[in-house]
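# A look at the structure
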Amino acid sequence: VSPSGTLIHERGALEDMVREANSEGYRLEIHAIGDAAAEQVLDVLEACQHDERATHGTEGAASTGPGLRPRPILTHCQVLGDDLIARMRALGVVANIQPSFVPTDARFVARRL
C-alpha cells in the first residue's frame, strides 16, 4: 500500500461521476486516502466548480448560502500535506477526519516525517 494513495478511478471517469451527481443535486462525499487520491479528487472538484461557474455563475459553485450547492466532503483526510489542506479550504471542501483510522494511519505518518 502506497502512502500517496491508490487511484481507483481515472480522472475522466471521476469527473463524469461528479458532474452527474452535481446535476442531480446530490451532496458529494468522496473517500480518498493518501495525497495522490486527495489531489485527484481536488483537481476534479476544482474543474467541476469551474465548469459550473462558467455555466451558471457563482451560484453554481460550492457554498453554504441558502439555495446553493452544499460544500463537498473529503473523507479520510487526516494525513494530508498542508498544500492539500489549503486547496480544500480554497475550494470550500469539508474535511471528514476519522479518528478511528488513526492507529492504522500511524505507519504512513511515520514515513512522512
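Below or above, wherever it landed, is the structure these notes cover. Keep in mind the model is a prediction, meaning the values are calculated, not measured. (Residues numbered from 1 in each chain as written. Predicted model: local features only at pLDDT ≥ 70, side-chain atom pairs only at ≥ 80, totals over all residues. Heavy atoms only, no water.)

### Re the overall build of the chain
Stated precisely, the cut-off is as follows: Only runs of H or I of at least four residues qualify as helices and only runs of E of at least two qualify as strands under DSSP, and these elements are numbered from the N terminus. Buried residues are those whose accessible area, probed at 1.4 Å on protein chains only, stays under 20% of the maximum for their type, while exposed residues exceed 50% and partly exposed ones sit between those limits. In this description, contact between two residues means that some pair of their heavy atoms is separated by no more than 4.5 Å.
Along the chain, the regular secondary structure elements total four helices and three strands. Seen in sequence order, the chain has helices and strands lined up from the N terminus as α-β-α-β-α-β-α. In the chain, which comprises 113 residues, the proportion classed as buried is 37%. Put simply, 62% of the contacts in the chain that link residues at least 6 apart link residues at least 24 apart.

### Comments concerning the sheet that holds strand β2 (residues 73–75)
Put simply, the rule reads: If DSSP finds at least two bridges between two strands, the strands pair. Angles shown run from 0 to 180 degrees and are taken between the N-to-C directions of axes, each axis being a line fitted to C-alpha atoms and, for helices, limited to the stretch in contact.
With parallel pairing, three strands are arranged side by side in an open sheet as β1-β2-β3. Sheet topology places β1 (29–31) and β3 (94–96) at the edges, where each strand pairs with a single neighbour. When the angles between neighbouring strand axes are averaged without regard to direction, this sheet yields 25°. Sheet topology places β1 next to β2; three bridges connect them, and they run parallel. Within the sheet, the bridge partner assigned to H31 lies in β2 and is T75.

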